[in-house]
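Here is how the chains run, residue by residue.
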Amino acid sequence: MSALPVLASAQARTFQGIVKDSAGVQPVAGVSVSVKGKGAGTTTGSDGKWMLRVTEPHPVLVFSFVGYKRQEVQPADSSTFITVRLATDVATLNAMVVTGYTTQSKVKTVGSLSTIPGTTLQNVPVASFDVMLQGRVPGLYVGTPTGQPGESGRITLRGMGSINGDVQPLYILDGVQVSNSSFSGLNPDDFESVVVLKDAAGTAQYGSRAANGVIVITTKKGRAWADGKTKVEFKSYLGASRVNSSKWDQMNTGQRLQFEEMIQDPNLPGWKYSPNNPARPAGSDQLLDSLRKINTDWRKYLLRTGLTQSDALSLSGGNANTNFYISMAYLNQQGVALNSGIERYSLRGNVQHTSGRLKSTLSMGLVQSQISYIQNEGVAPTAGGGAAAGGGGISANNPIAALYFALPYEKPDVNNTGVANFGSDALNEYANSSLKDIQLKSVVSLNEVFRLTGEWQLTSTTGLEYQQDKITDYLAPNSYFGQQVGNGNQGMYQDSLTTRYRLVANGGVRYLHPWEGNNEIEVNLLEEANRLYGTYFGFTGYGLVSQLGNTPSAITQGTPANNFIPNVAGSTIANNLLISSIALFRYSMGSKYSVTASLRRDGSSQVPAANRYINLWAVGGKWNILAEHFMDRAPVVSTLRLRGSYGLTANAGGFASDYGYRSLYGVTNYGGAPALAPQTPGNPAYNWEYNQAGDIGLEYGVLHNRIYGELDIYNRVTNHLFVNKNLSLTSGWSNVAANLGRVRNRGVEWELNADVVKRTGLTVTVGLNFAYNKNTVLSLGGDQQQFIDNISINRVGDPLGTFYAVRWAGVDPATGAPRYLDKNGKVTTTYSADNAVPLKAVWDPPYKGGVSLTVVCGRFEASALFSFIHGMSRLSYPYLYSHSADPNYRVYNQSADMLKVWQHPGDITDFQAPAYPRQVNSSDVRSSDYVKLRNLSLNYNLPVSPGLGKHVRAIRVFAQGQNLFSWMKWKGFDPEDANDIAQYEYPMPRTVTAGLNVSF
């Protein structure tokens, strides 16, 4: 008996080897290696290597991994080092897709979705991950309102479906809804995948929160590595950012003096001291020469090269029952504008544990950030957390505006401030102001799955999103702009605290029943509650004592006599509850047919009681055409699946307040005593905004999936649009939020990928995605045909956000007078706002897409991503201000184009004579189309010697470039933005980084 253990030990053998991709070049990490017929096994490490102890006499080893075909190998001798090449299987690429409440194979998923692997988003040098998505997902547009580090963008999927409602998609992180203001606190290195759900089959399960699509983020959970050890990974990179000034064309000193001489303004030195001015004063030559010696490029003084440093450390590992992933990261990114940047510390811990029938997954993230802003740029932090979309103040105390306004013959001097010294005024503000947001953010989720039987499970998810913003704003009392503060002219100090938390809890039962013939039924029944609450409190004090600096103790106590009375404010910024009942159904006949259905009943506190509850639903199906016998004679076709869906989603947030449907009152002063006065009219008939969406898609692949992709056609109609309905002024209100009209988004999306070269040692892959969306207002309710809002109009038959302006007809060569078109298209020299008409220009781009190229050669990998938009326009105030010679604008620096300003009869030019007032017109609505080299990445995997390999798994060096080159007609820094009006936004930087990634 004592010999039996010895005999058993002698029969055990250890096999080892490496798994590579189909080209035999790149090692494949995370491949499952097991003995056929046995459950236990191991996985390959980051170097593709594995080791497995086997007791079977003639084992068959099974290698499987998502995106590759399963392979079986029967080794002859355990002394042989086994090299396995896994063939790519695009039909199962991204096979398991996390769609939110469920996880299922791509073959059985009937919805239109795009999956972005987490590795694609790593090392990209931007602090808000949503900006990284541009050009990677068909139909998705990211409008970045500012180059301010850490600020999120405005994402639209398949066009804008609302006027006053939210157009952003829903964001889910590990089962918990998060706001886009949390993006600066997320570390993309922690992402396992990002899934974008576009059609009703994927979004209707989220009901009234998913009218504009859903983005599901799943973080890493860790895994058991082949050597049984904990994997430690360290990554660090350094970088630099600068502004892309390729289209900057403001005048230098010589051009500016020439321009001033041309327009003959005696208040400007170019004409005042000109030899051609008969009234010039004595000593003019010397004064003019002294000005010519100054040629200030204000970009060198008001902008800088911003440095970036990022360090990250992660640990992952596990065993058969428990996996863990822990990461710590630090980011310090200077903005290209002085005084701006972000410093972020982040911590994440994910643990997944299985104990008998219970599987628990705990995900925790904690982030502390300090974001520094420039003054008056328009994207400063708001009471709701995060920054306001769009912005760019048309004001001299916006340093970006000062770049355009400042004259080149002005000497940079922080103390030489004054009305026309725009550059020095900005320097003075940089030196004497501070605007900071200290953020604390956390997202925690706990998912529990209890297996009752082989078919029945109990499931639950509980989560919390918490964000705190402590904002301080300071203007020194003795500074130029501090002396212009309205209350006392001695600076100001502002301090505020905003807290916001969201609680999410759901629970229910899942039934998954397979039977013969590969048939499968899955049913999920859930109840869910989603609670959002936020508060704001802040004060602004005046009359600062300079010796006490940037502290609240510098505030002087206010009295009616000294005009230092502080402003104090507080409010509940969010307070709503969503209660939901959810039913999800799926039937699959193998991989040939799949049918899904979802039903959700939502009740929202944002809607009046009479309309509070709504039933939302979707149906969908998928047909694997290639599984039919009639496709047996089509060997060229590798994948061919047809899918379709139709459903109803909704939106509840059409008011600025969660109580907007009620008549609200606020504090006022009446007869010297506090009183209450009506603040909003309310609307008890207010209802949901409905979205009816249909989608038909084709997934295809040919030549053994060397060429593959997807094609989608969709139609989405939004009913009961949230609009501000005009009221009679006798009611005491100008308008009220109401449900009127319909808008339609209809379009096509196409994705194509091709392995152009695929051989040992070299692979070249090209990808293209393209989308076209046609947005049309179908109705605005009753007889109402249009709503005009300054420079834009919403009119039946036109797209939302169509520009509305008087049309430009050029300059009269004889007189230099501006010419316009009246409503009937006749030329006139009289400007009248009544002649404004809708233009063939919109600010939400109908065409968008991206092109990618990836080359893998041995240990070297290079990839490039281009993104493009077409058909987008914006009203450009920088263009207006820098192409105007009339007295209101000539005090600002001008574009070099203005050297072509009209001077003499017969001049053919686009720029009117200085004597005529400059009016906003259609020529100020500028094309914002662009093609960008969005990202360029270079990677090299260093060889690891056997001796070093005992301690180091892999070493990789890399370099990245973001926003490197732009091809555009736009004048200025960058047309990319999140709104329809270009003012003086923080410019988008060009960033280059280089770093090292080592795993142990």
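Residues numbered from 1 in each chain as written. Predicted model: local features only at pLDDT ≥ 70, side-chain atom pairs only at ≥ 80, totals over all residues. Heavy atoms only, no water.

As annotated in an unreviewed UniProt entry, the protein chain carries the name SusC/RagA family TonB-linked outer membrane protein and comes from Puia dinghuensis. Under the Sequence similarities (unreviewed entry) heading, UniProt states for the protein chain: "Belongs to the TonB-dependent receptor family." Within the UniProt record for the protein chain, the comment given under Subcellular location (unreviewed entry) is "Cell outer membrane". (UniProt positions renumbered as here; feature names shortened; annotations may be inferred.)

(A) Layout of the sheet that holds strand β40 (residues 802-805). The four strands are arranged β38-β39-β40-β44 in an open sheet whose pairing can be described as antiparallel. The two strands at the open ends of the sheet, each matched to only one other strand, are β38 (786-789) and β44 (837-838). In this structure, strand β39 (residues 792-795) lies alongside β40, joined through two bridges in antiparallel fashion. Counted as the bridge partner of S792 is F803 from β40. (Pairing = 2+ DSSP bridges. Helix = DSSP H or I, 4+ residues; strand = E, 2+ residues; numbered from the N terminus.)

(B) Region of the structure containing helix α9 (residues 422-431). In terms of residue burial, α9 counts as a mostly covered element, since nine of its ten residues are buried. All of the buried residues in α9 are F422, G423, S424, D425, A426, L427, N428, E429 and Y430. Each element contacted by the buried residues of α9 is listed here: α7 (299-302), α8 (399-405) and β22 (433-451). (Buried < 20%, exposed > 50% of the residue type's maximum accessible area, 1.4 Å probe, protein only. Contact = heavy atoms within 4.5 Å.)

(C) Local environment of helix α6 (residues 284-292). The complete set of buried residues in α6 reads S284, L288 and L291. Down the axis of α6, the buried side of the element spans an arc of 60°, and every buried residue falls inside it. Among the structural elements, α4 (253-263) and α5 (269-272) are those in contact with the buried residues of α6. (Arc of directions from axis to C-beta.)

(D) The arrangement of the pairing of strand β36 (residues 742-759) in detail. Looking at chain direction, strand β33 (residues 707-719) and β36 are connected through 13 bridges and run antiparallel. Bridge pairing in β36 links L711 to W750. Relative to strand β37 (residues 762-779), β36 runs antiparallel, the two being bridged by 17 bridges. Among the inter-strand pairings, W750 is bridged to a residue of β37, identified as F770. Linking β36 to β37, which pair antiparallel, is a turn of two residues; within it G761 sits at a positive phi near 90°.

(E) Spotlight on the side chain of S479. With respect to the helices, strands and loops of the structure, S479 is situated in the loop between β23 (456-475) and β24 (492-515). By relative accessible area, which is 2% here, S479 ends up buried. At 3.0 Å, the side chain of S479 and the backbone nitrogen of G482 are in polar contact. If sequence neighbours within four positions are ignored, S479 has contacts with N428 and N432. (Polar contact = N/O pair within 3.5 Å; in protein donor to acceptor, adjacent residues only side chain to side chain.)

(F) Representation of the sheet that holds strand β43 (residues 827-828). Spatially, β41-β42-β43 is the arrangement adopted by the three strands of the open sheet, whose pairing is antiparallel. Whereas interior strands pair on both sides, the edge strands pair on one side only; in this sheet they are β41 (807-811) and β43. Note: β41 against strand β42 (residues 818-821), four bridges, orientation antiparallel. Within β42, the residue paired with V811 across the bridge is P818.

(G) Expanded view of a nonpolar patch on the surface. On the surface, F234, L313, I326, M328, L347, L366, L440 and F1000 cluster together to form a nonpolar patch covering roughly 620 Å² of accessible area. With respect to the secondary-structure elements, F234 resides in strand β17 (residues 231-243). (Patch = residues over 30% accessible without salt bridge, like charges linked within 9 Å, V, L, I, M, F, W, Y side chains within 5 Å. Areas by Shrake-Rupley, 256 points an atom, 1.4 Å probe, with all protein chains shown as cover. Salt bridge = Lys/Arg side-chain N within 4 Å of Asp/Glu carboxyl O.)

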